[in-house]
Amino acid sequence: MKIQIINGPNLNLLGVREPEIYGNNDFEHFLEQLRKDYPEIEISYYQSNVEGFMIDKLHEVGFAYDGIILNAGAYTHTSVALHDAIRSIPAPVVEVHISNVFQREAFRHHSMISPACKGVICGFGLTGYRLALEALI
Ligand code: DQA
């Protein structure tokens, strides 16, 4: 089984960025553990701060992989283009957010991409990616 994780803008700064919201762990360390825990799954990882590059990645893997775990960061709340990209590919996409966006500012309460995704997980920290992987399996 091939699974792609895509992280969007500012998520390259996990562990450094607002640790009271996003925690102290960097993503690479978490990913190393996840790959150890699921040795039978091929887990690819991509992070970009650029909306178009995230769309390119969705097009690239969306016809070949079994599932995609997507944390689109702030583009979640703005991007019709990501919504369209998710709708354009056959691979199921699980939307993940580290924080509980519904406990935060009102502008984070609406997701442009949720209607195009298979499901949504938010508020469980990095464990959300693990839950998304379980859901895809
Ligand atoms: C986030 C929530 C978004 O509102 C925010 O813009 C992010 C991270 C999360 O994982 O909690 O960059 O997607």
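Structure: above.
The written sequence of each chain sets the order in which its residues are numbered from 1. Totals for whole chains, interfaces and linings use all residues, but because this is a predicted model, local features are given only for residues with pLDDT of at least 70 and pairs of side-chain atoms are given and counted only at 80 or more. Neither water nor hydrogens contribute to the side-chain values; these are computed over all heavy atoms in the structure.

A. Geometry of the overall build of the chain. From N to C terminus, the chain includes five helices and five strands. Runs of H or I in DSSP of at least four residues are treated as helices and runs of E of at least two as strands, each being numbered from the N terminus. When the helices and strands of the chain are listed from N to C terminus, the series reads β-α-α-β-α-β-α-β-β-α. For this measure, only C-alpha atoms enter the radius of gyration; the expected value for a globule follows 2.2 Å times N^0.38, where N is the number of residues. A globule of 137 residues ought to have a C-alpha radius of gyration of about 14 Å, and the chain, at 14 Å, matches this closely. Projected onto its principal axes, the C-alpha positions of the chain cover 35 × 35 × 25 Å. In the chain, buried positions account for 47% of the 137 residues. In this description, accessible areas are obtained by the Shrake-Rupley approach with a 1.4 Å probe, and a residue is regarded as covered only by the protein chains that are shown. A total of about 6,800 Å² of accessible surface is found on the chain, and carbon and sulfur atoms cover 53% of it. Any residue under 20% of the maximum accessible area for its type is buried, any over 50% is exposed, and the rest in between are partly exposed; the area is computed with a 1.4 Å probe on protein chains only.

B. Highlighting the site of the ligand. Around the ligand, the neighbouring residues are Arg17, Tyr22, Asn71, Gly73, Ala74, His77, His97, Ile98, Ser99, Val101 and Arg108. Identification of polar contacts relies on pairs of N or O atoms within 3.5 Å, with a donor-acceptor requirement for protein atoms, meaning one able to donate a hydrogen and the other able to accept it, and with residues adjacent in sequence counted only if both atoms are side-chain atoms. One nitrogen or oxygen atom from the main chain of Ile98 is found 2.7 Å from an oxygen atom belonging to the ligand. In the environment of the ligand, an oxygen atom lies 2.9 Å from a nitrogen or oxygen atom belonging to the side chain of Arg108. It suffices for a single heavy atom of a residue to lie within 4 Å of a molecule or strand for the residue to be listed as near it.

C. Local environment of the pairing of strand 3 (residues 67-71). Of all five residues making up strand 3, five are buried, and the element is well covered by its neighbours. Across five bridges, strand 1 (residues 2-7) lies against strand 3 in parallel orientation. Its bridge partner lying in strand 3, Ile5 is registered against Ile69. Orient the strands so they point away from the viewer, and a crossover whose first-strand-to-second-strand path over the helix runs clockwise is right-handed. Handedness of the crossover joining strand 3 and strand 4 (residues 93-97) through helix 4 (residues 80-87): right-handed. Strand pairing requires that DSSP identify at least two bridges connecting the strands.

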